[in-house]
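# Breakdown of the fold
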Amino acid sequence: MKLEDLKKIREQASKDMELRQKQARVKIVVGMGTSGIAAGARDVLKALLDEIAARNLTDVMVTQTGEKGLASHEPMIEVHEEGKDVVIYGNIDADKARKIIAEHIVNHNPVSEYVIEVK
Amino acid sequence: MMDDICAHITDVVANSVSAGAKKVFIFLEKSTIKNALHLKITDNGKGMDEETAKKVVDPFFSTKTGRKVGLGIPLLKGTAETCGGYFNLKSALGEGTEIDVFFTLDHPDLPPIGNLKDTILILTVSNPEVDFLFNIKNDVINFIFDTEEIKGLLDGVPINSPEVIKFLTNYLDEHLNFI
């Protein structure tokens, strides 16, 4: 496997690829401050990326942010959807992150049991 | 708390990104011959003045408002010194920051390196606007992972696209098994 193979991906990517990424429907922000990392934020981020790749979710983007000041609820993730309130999930692990992708992102039903704040 | 070297790398890189870095260079060498684990992270973020640079190694200092304790750097320094190594931080305001950390490889308190593949993937994909250059080596193999090169090959296709995430996961799985 060579990096050069990325050219094939580029060629296969449809013309609307850049467009669809620029207009990402959902942005998921993972808290990656020291306390988040210590609490397992890396596994959460990896699980989110795995799901996005496996489900081919072209309109979902994952980014990271620093400390949020709610260290006791780490790992935390925020789901930003256009035209909707921001949903903040707390005490997330890899399994919960996968469930959030399936329920919230794909089926549009926020997983209320993990929600710590809506704003 | 920070149970492996990769947790420290993730933490330091998060600091670099918060400091506005657009390029981050991560060097990790595990040498049995030199009995050393050597980690160097260099960024072109906003840097720190001398006074601040001295203070970040102090566990009771943080520039973040509302939080008085920044533990990441002091924990890394503590681990290095426990493991018969050293920790150096160099920074220049407006230019960037470099940390240079050395551990004795066979020291019993040295934490495991951790999952380097996942670490490289999550850092590069969740910070698409930052360029990363990873240089990972042992006594035999020298592995380079350069996101500028990757982005060049992708020619406009975002690095955080599902297809690319899948590709990079497999690529790292195949090439980063020596450390």
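Data block above holds the structure.
Computed from a predicted model, the values in this text were never measured in an experiment. (Residues numbered from 1 in each chain as written. Chains lettered and ligands numbered in written order. Predicted model: local features only at pLDDT ≥ 70, side-chain atom pairs only at ≥ 80, totals over all residues. Heavy atoms only, no water.)

### Some thoughts on the side chain of E98 of chain B
The following threshold applies: Working definition: helices are DSSP H or I runs of at least four residues, strands are E runs of at least two. Numbering for both runs from the N terminus. Note on contacts: a residue pair qualifies if any of its non-hydrogen atoms lie within 4.5 Å across the two residues.
Within the secondary structure, E98 of chain B sits in strand β4 (residues 96-104). In this structure, E98 of chain B is in contact with K40, I41, T42, N88, L89 and K90 of chain B, ignoring residues within four places of it in sequence.

### Description of unusual backbone geometry
Residue and element names in this part refer to chain A. What counts is decided by this rule: Think of it in three bands: with a 1.4 Å probe and only protein chains considered, a residue is buried below 20% of the maximum accessible area for its type, exposed above 50%, and partly exposed in between.
Of note, the amide linkage connecting E74 to P75 takes the cis form, showing an omega dihedral of -5 degrees. In this fold, P75 is placed in the loop between β2 (60-65) and β3 (77-81). Phi is positive for N91, which is not a glycine, with a value near 55 degrees. In this structure, N91 sits in the loop between β4 (87-89) and α5 (94-106). With a relative accessible area of 34%, N91 lands in the partly exposed category.

### Brief notes about the interface of chain A and chain B
Condition: By buried area we mean how much accessible surface two parts lose on assembly, using a 1.4 Å probe and totalling the loss over both. The salt bridge criterion pairs a side-chain nitrogen of Lys or Arg with a carboxyl oxygen of Asp or Glu, the two atoms within 4 Å.
With 33 residues of chain A in contact, the opposing surface of chain B contributes 42 residues. Together chain A and chain B conceal approximately 3,500 Å² of surface at their shared face, both sides included; 68% is due to carbon and sulfur atoms. Counting the surface chain A buries against chain B, the share from its top three residues, M1, L3 and R42 of chain A, is 22%. Counting every contact that joins chain A to chain B gives two salt bridges. Note that D4 of chain B is salt-bridged to R42 of chain A, the shortest N-O span being 3.1 Å.

### Observations regarding the sheet that holds β4 of chain A
All names here are of chain A. Definition in use: At least two bridges found by DSSP between two strands is the condition for calling them paired. Under this scheme, a helix contributes an axis fitted over its contacting stretch, all axes are lines through C-alpha atoms, and angles between N-to-C directions fall in the 0 to 180 degree range.
Pairing is mixed in the open sheet, where five strands are placed in the order β2-β1-β3-β4-β5. Looking at which strands have only one partner, the edges of the open sheet turn out to be β2 and β5 (115-118). Strand-to-strand twist of the sheet, defined as the mean angle between neighbouring strand axes without regard to direction, takes the value 20 degrees. Where strand β1 (residues 26-31) and β2 come together, six bridges link them in parallel fashion. Bridged to G31 within β2 is T65. Against the sheet, helix α4 (residues 41-55) contacts β1, β2 and β3, and its axis sits at roughly 165 degrees relative to β2. Across the face of the sheet, α5 comes into contact with β1, β2, β3 and β4 while running at roughly 20 degrees to β3.

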